[in-house]
Amino acid sequence: MVLSLALITALNEASASNDTLSTLSQRISAKGYIDVRWQHFQGNNSWLDLGTGHSRLDSSHNNRPLLADFAAEIKADLKAGSQIITQLHAYPEQNSALEITELYWQYRPLHASTMRSRWRVGFFYPKLSIENRGSVWSSLYNLNYSAINSWIGEELRTFGVEGRWSWKFDKPSNGKAPLKLNLTASAFTYNDPTGAILAWKGWSNHDLQSGINNKLPFSAPEGVAAADNIQANSFQSFREIDGRPGGYIGLGLSRKRAFKVEWFHYDNQAEDTAFEDGHYAWHTTFDHISAHYFLTRELEAFGQYIRGRTSMGNGFVDNRFESAFIAISKSQGPHRLSARFERAIVDDLDNTPLDDNKEAGNSFNLNYSYYLAPHWKFSSEYQQRRSRQARRSYRQEPIYAKEEQLSFSARYYF
Amino acid sequence: MFRTPRLAAILLSLYSCWSVSEPLKIQLTHQGQLQSAPGAVIWLKAAQQGSKATEQKANTPHIIEQKDRQFSPYISVTQVGRDIQFPNRDNTAHHVYSFSEPLSFELPLFKKRTPAPIRVEKPGLIALGCNIHDWMIAYLVVVDSPFYGQLQNQSVEFAELPHGEYQALLWHPDINSAQVLKTQLNYQGQKLFHWPAPKKINAKAQIQAPAERLDEDDDY
């Protein structure tokens, strides 16, 4: 509603001027990339193909060129400080349509003081990720995201309003940006099923970002199929089931190109007995801490940590989840070398038979990229994930699995 | 007979008032050492606001560009009554604003757009910012005198300066962020004026815009 009003206002303003066409072209800008990939995967079949593997591309995609991702961000400037931003992804290998991964109105009002604020209204990522500071929420450092950010890409989005306020503490000096205190607060809806993918599929490492109408495949294990309410054979993360809004707050300190540290507390406040149209409301709450530190201009260390709980069906599922990664990245001219180590676990606290969500896994990612400015980036990456997951036994597979993936990517940025 | 010397005296005094001689060079010093403050604005106000004081008004706008996500020039000076224009040379939108007393405004600058000029009617300091790119900062000093310049290579020259008493004023963000430095200057054709700075000057360069890369999100 707000978006369409803003758009109508913008169009009215634009058409009122004499040079409508040039005005529109000055107001709209697009950026993004096309990712062509070649990869070799060894391990369990992808969860996107109802397997127990945790990658996006599996051995069925081996040794042939793939159009891995088409991504675009379109910004329309309505007036000073006011924009509509859309992010789109298409994954031809997953037969996906053009997914709208973000669509929101952003407003930065002018303040006479050194305080700055930013408002976002619509469907967007909470800014938790350090890694995904690349174009169209891609990782700047890797092809496959960390477990935390892969999960955020799958089923975490804000469908609501977010305010962010920053206070500057000192003046910029000697080219150093000022120190800022950042406060974020949000209220949102349409995120009730969030937690389902984490509980029933588990942690992953991939680069799939769900769109607003996401529908990801799910095959219920016997224990889930025995529930009173029948879960649909898909995950649909962005639904409102209980009519209760959720919220998050964040607090952090940052100095641009020097460091950033931020804490978030998230609670979707879902009524975890609610069920509608094949989908449960999952009460999901977590704390998230991120840190980014530039040891030198070219050497960065960063990490994210999450710890939370998700439950549904009055104790039918009750899981505690936790994950952390640390990464280091060194760039030198067009070269960048990045390494990431991580651990991700889910503890199953309920006693529901034939639905043991317990898992523990370690991953390692090594990426080298060459940036041929301004349009091309070539990457090679080795990703390894070793995990134990109880539910594999329901499929007569070993609980332990090792997944390895070697990828080469050529990205054209526009 | 007796009238000629009086006429001569009048002519002589007129000559000394209105004549032009070699340019006056002003340099900033501290404890005998030349100080470097590139871009520092120096302007001279005649003690008697004279006939010439408001004549040299340029009618072309004063240009402050947004280029490579930074303002150019960083520090500049113009005279009261002149138009200022903020062309956006970038392929990205800017949101230029100022809350300064002489001119408070905001301009939505969509990519590659040159907006209509704005007239400054009051003297003073205008601090400019961009609400989208918060490292973007520039200063415009608006003066009510035709005699102004900016330090380059440690000095600034004033040509065609009428002889007389002046109040000399100086402003630079790293010297005197809120106030102007003032001193008296009696110009009688001398070529050099050393302005004693109250402290050693550590003038910093304009903050560089972070390199723009297509593979990065600007909003991190």
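What you see is a predicted model; the values in this text were computed from it and never measured.

Caption draft 1: Geometry of the overall build of chain A. Scanning chain A from terminus to terminus reveals five helices and 20 strands. Radius of gyration (C-alpha) of chain A: 22 Å, near the 22 Å computed for a compact globule of 414 residues. Of all 414 residues assigned to chain A, the portion counted as buried reaches 44%. By sequence separation, contacts in chain A at least 24 residues apart represent 62% of the contacts at least 6 residues apart.

Caption draft 2: How the structure looks around the overall build of chain B. Within chain B one finds one helix and 18 strands. Taking all 220 residues of chain B together, 29% fall into the buried category.

Caption draft 3: Structural view of the domain arrangement of chain B. Residue and element names in this part refer to chain B. Parsing chain B into structural domains produces domain 1 (21–53 + 147–201) and domain 2 (55–144). A separation of 24 Å is found between the C-alpha centroids of domain 1 and domain 2. Taken together, the elements giving at least two residues each to the side of domain 1 that touches domain 2 come down to β3 (41–46) and β14 (147–150). Within the side of domain 1 that touches domain 2, the residues separate by chemical class into five nonpolar, two polar and one charged.

Caption draft 4: A look at the environment of valine 77 of chain B. All names here are of chain B. Take valine 77: it is sitting in strand β7 (residues 75–79). Owing to 20 C-beta atoms within 10 Å, valine 77 belongs among the buried residues under this scheme. C-alpha separation for the pair valine 77 and glutamine 150, spaced 73 residues apart in sequence, amounts to 7.7 Å. If we skip the residues at most four places from it in the chain, valine 77 touches Val41, Trp43, Val141, Val143, Tyr148 and Gln150.

Caption draft 5: Summary view of the nonpolar core. One finds Ile148, Trp151, Ile152, Ala196, Leu198, Ala281 and Trp282 of chain A to be the most contacted residues of the largest nonpolar core, which totals 51 residues. Counting residues per element, this core draws most heavily on helix α4 (residues 196–200) of chain A, at five residues. When near neighbours in sequence (up to four residues on either side) are disregarded, tryptophan 282 of chain A contacts Asp192, Pro193, Thr194, Gly195, Ala196, Ala270, Asp272, Thr310, Ser311 and Met312 of chain A. Of all hydrophobic cores here, the second largest spans 44 residues; its members include Leu28, Leu44, Ile75 and Tyr148 of chain B.

Caption draft 6: View of the sheet that holds strand β13 (residues 137–143) of chain B. Residues and elements named next belong to chain B. Taken in spatial order, the five strands make up an open sheet running β7-β13-β12-β9-β10, and their pairing is mixed. The open sheet is flanked by β7 and β10 (104–109), the only strands paired with a single partner. Direction aside, neighbouring strands of the sheet carry axes that sit 20° apart on average. One ladder, built from six bridges, connects strand β9 (residues 94–99) with β10; its direction is antiparallel. Paired with serine 98 across the strands is phenylalanine 105, a residue of β10.

Caption draft 7: Structural view of the sheet that holds strand β17 (residues 181–187) of chain B. Residues and elements named next belong to chain B. The strand order across the open sheet built from four strands is β14-β3-β16-β17, with neighbouring strands paired in antiparallel fashion. Pairing within the sheet leaves two strands with one partner each, and these edge strands are β14 and β17. Recorded for the sheet is a direction-independent mean angle of 25° between the axes of neighbouring strands.

Caption draft 8: A look at the pairing of strand β10 (residues 246–255) of chain A. All names here are of chain A. Bridge count for strand β7 (residues 179–189) against β10 is ten bridges, and the pairing is antiparallel. Looking across to β10, one finds that alanine 185 is bridged to isoleucine 249. For β10 and strand β11 (residues 259–267), the ladder comprises nine bridges, and the chain directions are antiparallel. Among the inter-strand pairings, arginine 255 is bridged to a residue of β11, identified as phenylalanine 259. Between β10 and β11, which pair antiparallel in sequence order, lie three residues; one of them, arginine 257, sits at a positive phi of approximately 60°.

Caption draft 9: Here's a closer look at the confidence of the model for chain B. Here chain B averages 86 in pLDDT, and 85% of its residues register 70 or above. Two summary scores accompany this predicted model of the complex, namely pTM at 0.88 and ipTM at 0.85.

Caption draft 10: Representation of the interface of chain A and chain B within the structure. Listed as interface residues are 28 residues of chain A and, on the opposing side, 23 residues of chain B. Contributions of two or more residues to the side of chain A that touches chain B are made by α2 (20–27), β1 (28–42) and β2 (66–79) of chain A. Among the residues forming the side of chain A that touches chain B, the class breakdown is ten nonpolar, nine polar and nine charged.

Caption draft 11: Region of interest: the pairing of strand β14 (residues 283–294) of chain A. All names here are of chain A. Sheet analysis places β11 next to β14, joined by nine bridges and oriented antiparallel. When the sheet's bridge partners are listed, glutamate 262 is paired in β14 with serine 290. Where β14 hands over to strand β15 (residues 299–312), the hairpin turn is made up of four residues, counted between the paired strands.

Caption draft 12: The arrangement of the environment of phenylalanine 159 of chain A in detail. Within the element layout of this structure, phenylalanine 159 of chain A appears in strand β6 (residues 158–168). If sequence neighbours within four positions are ignored, phenylalanine 159 of chain A has contacts with Phe123, Phe188, Thr189, Tyr190, Asn191 and Phe238 of chain A.

Caption draft 13: Expanded view of helix α3 (residues 147–155) of chain A. All names here are of chain A. A large share of α3 lies buried, amounting to nine of its nine residues. When we look at burial in α3, the residues that qualify are Ala147, Ile148, Asn149, Ser150, Trp151, Ile152, Gly153, Glu154 and Glu155. Check the buried side of α3 and you find it contacts α4, β9 (234–235), β15, β16 (317–332), β17 (335–348) and β18 (359–372).

Caption draft 14: Region of the structure containing unusual backbone geometry. Residue proline 374 of chain A is bonded to the preceding alanine 373 of chain A through a cis peptide linkage, with omega at -5°. Inspection of the secondary structure puts proline 374 of chain A in the loop between β18 and β19 (376–389). Omega for the peptide link from serine 72 of chain B to proline 73 of chain B comes to 0°, which places this bond in the cis form. Examined against the element boundaries, proline 73 of chain B turns out to sit in the loop between β6 (70–72) and β7. The phi torsion at tryptophan 137 of chain A lies on the positive side, around 55°, for a residue other than glycine. Its location among the elements puts tryptophan 137 of chain A in the loop between β5 (116–124) and α3. Located in the positive-phi region is asparagine 314 of chain A, a residue other than glycine, with phi close to 55°. Assessed through the 9 C-beta atoms surrounding it within 10 Å, asparagine 314 of chain A is described here as exposed.

Calculation notes
- Residues numbered from 1 in each chain as written.
- Chains lettered and ligands numbered in written order.
- Predicted model: local features only at pLDDT ≥ 70, side-chain atom pairs only at ≥ 80, totals over all residues.
- Helix = DSSP H or I, 4+ residues; strand = E, 2+ residues; numbered from the N terminus.
- Rg over C-alpha atoms; globule rule 2.2 N^0.38 Å.
- Buried ≥ 20, exposed ≤ 12 C-beta atoms within 10 Å, placed from the backbone.
- Contact = placed C-beta atoms within 7 Å.
- Domains from an automatic or database assignment.
- Nonpolar A, V, L, I, M, F, W, Y, C, P; charged D, E, K, R; others polar.
- Core = buried A, V, L, I, M, F, W, Y, C linked by C-beta atoms within 7 Å.
- Pairing = 2+ DSSP bridges.
- Axes fitted to C-alpha atoms, helices over the stretch in contact; angles between N-to-C directions.
- pLDDT = per-residue confidence, 0-100.

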